[in-house]
Amino acid sequence: MFAPAKLKDLRLEYKDIINPRTSTGLGDADIGELAGDIKERGMLQAPVVQAFRDGDVAVVVVLDGQRRILAANKLYDTGAWEDEVIVQLLYGDDPIEYTPKNAIKAMLDAAAIGSRRKGLSSFEQPQHAAHLRRAGATNEEVGAAIDRSATWVSRMLTAFTKATPELLAAWERGELPDEQIKDLASTPKETQAEKVAATIETRASGDRAALSQARETVKRDAAAAAPQKTAAARAITPPGTAD
């Protein structure tokens, strides 16, 4: 269902409803570029919103399309856009009660819409997943929303937690594939930045043999850094149970 909404009535965040792209997705210059595109072509994809009742408070929260709203606000501030946009109402025009459970469901449903419209990047997926997990969503629920397995969600959240700032920056720039990110995140923090720089340099060289060797070195370092089970613990591990 689609309907007009006033820009001033739209909240980009509310309590547990936070979209990482609001603060990290685009800088001022990028928002300006997006604003110029919207001014010329219009807003081709309606932002997804939901109205919530929270006690005596009524709020309309943007669940997908925060950057489009930021760009529209920029146009409005310069007098190039009216204080109104067409939005997609996630669950219809009736407000729903704000509860942690309803907030999680709304974010998961909006994540699924955003993923189908324009996939979240390899960095944005675990970033968004981390917030959803903190809010109480399970790995299975997060995976279903972003079209990933629960195992992938678990592994990449672990990598997201272990990654140094250097690895996170390279990840956000899209300089490394998921598998290498996972392995690099498992290496000791004191040498991780050095390994990240070396891996990026090797990938840029195009030397496949060197890249393969570097990948195997990182895998060995990651395996060596992983906690090792004692002989007694290995002895009681049930057959067929994954480590």
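Structure shown above.
An account of the accompanying structure is given in this report. (Residues numbered from 1 in each chain as written. Predicted model: local features only at pLDDT ≥ 70, side-chain atom pairs only at ≥ 80, totals over all residues. Heavy atoms only, no water.)

Right, let's get into the pairing of strand 3 (residues 48–54). Burial analysis of strand 3 places 6 of its 7 residues in the buried class, the great majority of the element. Where strand 3 meets strand 4 (residues 57–64), 7 bridges bridge the pair, whose relative direction is antiparallel. Within strand 4, the residue paired with D54 across the bridge is V57. In this structure, the hairpin formed by strand 3 and strand 4 is closed by a connection of 2 residues, where G55 is found at a positive phi of approximately 65°. As paired elements, strand 3 and strand 5 (residues 85–89) share 2 bridges and run parallel to each other. Bridge pairing in strand 5 links V49 to L89. Bridge count between strand 3 and strand 6 (residues 96–97): 2 bridges; the pairing is parallel. Bridged to F52 within strand 6 is I96. (Buried < 20%, exposed > 50% of the residue type's maximum accessible area, 1.4 Å probe, protein only. Helix = DSSP H or I, 4+ residues; strand = E, 2+ residues; numbered from the N terminus. Pairing = 2+ DSSP bridges.)

This part is about the packing of aromatic side chains. In total, this model carries 5 aromatic pairs according to the counting rule given. With a centroid separation of 5.7 Å and 50° between ring planes, the pair formed by F123 and F160 is classed as tilted. Linking F123 in the loop between helix 4 (100–117) and helix 5 (124–135) with F160 in helix 7 (residues 150–162), this pair joins segments that are 37 residues apart in sequence. Aromatic ring contacts, followed pair by pair, group Y14, F52 and Y98 into a single cluster. The ring centre of W152 lies 4.2 Å from the NZ or CZ of R148, which sits over that ring. (Phe/Tyr/Trp six-rings, centres within 6.5 Å; stacked < 30°, edge-to-face > 60°. Lys NZ or Arg CZ within 6 Å of the ring centre and 35° of its normal.)

Here the focus is unusual backbone geometry. Even without being glycine, K15 reaches a positive phi, approximately 50°. Positionally, K15 belongs in the loop between strand 2 (10–11) and helix 1 (21–24).

The values are spatial; any link to function lies outside them.
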